[in-house]
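# Coordinate inspection notes
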Amino acid sequence: MEAHSSDDIVIVHPNRHGAQAKAMKAAVFFLLVASAVITAIITIGGWSKLEGAQMWAIFFIVIYLVMAYLVSKWNRGILPVAAGLAILLGVVALVAAPAWFDRDKVGFVDPALPPDILGLLTAILVPAQILLIAFSMRAFSQKWNIEAEVTREEADRRYGGRSSARREAAPAS
C-alpha cells in the first residue's frame, strides 16, 4: 500500500522564513559585497603603491565574494569565518588609512586614484567591517540550519510549501 501524497514528508527550515532572518541575510550579503567592491577600488586605484599587498587584497576580494554567495544560499557556517576575516581586514584598514592620507604631500608619486580618495575608502572599510562582524554574529545566532520534518500539507499551511528537500514517507503497513 502506497502512502498518500498528503503523507509526504518534507524538510523545512523554520528559522529562515521570518523577516528578521531575511533582513540579516541581506545585510550580511550587502556588507560582504560592498567590502569586496571597496577593497577592489582601493587595490586597483593604488596598485603601484601597495608594495606586495596586492595578492592579499585579491585574496580578500575573492573570499568575500565567495562568502557572499554562500550567505545567499543560507550557509550559516560561513558567518563566523566572515566575522573573523572582517576583524583582520578592519585592523589592516585602520592601520593603512593614515598612510594614504600621508601620501598627499609634495615628493610622493600619486597612484591611479588620488591618495585622499584611497584614504577615505580605506577609512570607510573600518566601520563596514565592524558592521559585518555585528551582523554576521547576529545572523549566526538565528540558527538558519535548524530543520524540521513536517508533512507537505503542514509545510503548505505554515510556510507556503517552501522546503529544501523532499522525500516520501515510508509505505504504511
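Below: a short report on this structure. (Residues numbered from 1 in each chain as written. Predicted model: local features only at pLDDT ≥ 70, side-chain atom pairs only at ≥ 80, totals over all residues. Heavy atoms only, no water.)

In this section: the overall build of the protein chain. Along the backbone of the protein chain there are five helices and three strands. Counting helices and strands in the order they occur from the N terminus, the protein chain gives β-α-α-α-α-β-α-β. The long-range fraction of contacts in the protein chain, counting pairs at least 24 apart against all pairs at least 6 apart in sequence, stands at 81%. Just so you have it, the protein chain exposes about 9900 Å², and 66% of that area is on carbon and sulfur atoms. (Helix = DSSP H or I, 4+ residues; strand = E, 2+ residues; numbered from the N terminus. Contact = heavy atoms within 4.5 Å. Areas by Shrake-Rupley, 256 points an atom, 1.4 Å probe, with all protein chains shown as cover.)

For the rest of this paragraph, the subject is the packing of aromatic side chains. Applying the stated rule across the entire model yields three aromatic pairs. A centroid spacing of 5.6 Å and a plane angle of 80° characterise the contact between phenylalanine 59 and phenylalanine 60, whose relative ring orientation is edge-to-face. Taken together, the ring pairs in this structure connect Trp56, Phe59, Phe60 and Tyr64 into an aromatic cluster. Over the face of the ring belonging to phenylalanine 140 we find arginine 76, whose NZ or CZ atom lies 3.9 Å from the ring centre. (Phe/Tyr/Trp six-rings, centres within 6.5 Å; stacked < 30°, edge-to-face > 60°. Lys NZ or Arg CZ within 6 Å of the ring centre and 35° of its normal.)

Counting 31 residues, the largest nonpolar core has Val28, Leu32, Tyr64, Met67, Val71, Leu132 and Trp144 as its most contacted members. A per-element tally of this core places helix H1 (residues 19-45) first, with nine residues. Residue contacts for tyrosine 64: discarding those within four places in its chain leaves Leu32, Ser35, Ala36, Ala82, Leu85, Ala86, Leu89, Gln129 and Leu132. (Core = buried A, V, L, I, M, F, W, Y, C linked by side-chain atoms within 4.5 Å. Buried < 20%, exposed > 50% of the residue type's maximum accessible area, 1.4 Å probe, protein only.)

Another aspect to go through is the packing of helix H3 (residues 78-102) against helix H4 (residues 115-140). Relative orientation of the contacting elements H3 and H4 amounts to 160°, with a least axis distance of 8 Å. Accordingly, the angle class assigned to the pair H3 and H4 is roughly antiparallel. In terms of crossing hand, the pair formed by H3 and H4 is left-handed. (Axes fitted to C-alpha atoms, helices over the stretch in contact; angles between N-to-C directions. Parallel < 35°, antiparallel > 145°, perpendicular 65-115°, else oblique. Left-handed = near helix turned anticlockwise from the far one by under 90°.)

Backbone geometry follows two general trends: most residues other than glycine have a negative phi, and most peptide bonds adopt the trans configuration. Its identity as a non-glycine residue notwithstanding, tryptophan 74 has a phi of 65°, on the positive side. Counting through the fold element by element, tryptophan 74 comes out in the loop between helix H2 (54-72) and H3.

What follows deals with the packing of H1 against H2. Running from N to C, H1 and H2 cross one another at 160°; their axes reach a closest spacing of 9 Å. When the axes of H1 and H2 are compared, the pair comes out roughly antiparallel. For the pair H1 and H2, the crossing hand works out as left-handed. Facing Lys25, Val28, Phe29, Leu32, Val33, Ser35, Ala36, Thr39, Ala40 and Thr43 of H1, the residues of H2 in contact are Ala57, Ile61, Tyr64, Leu65, Met67, Ala68, Val71 and Ser72.

Once that is clear, we can look at the side chain of threonine 122. Inspection of the secondary structure assignment puts threonine 122 in helix H4. The class for threonine 122 is buried, based on a relative accessible area of 4%. Every residue in contact with threonine 122, bar those within four places of it in the chain, is listed here: Ile42, Ala93, Ala96, Ala97 and Trp100.

These results come straight from atomic positions and should not be treated as a statement about function.
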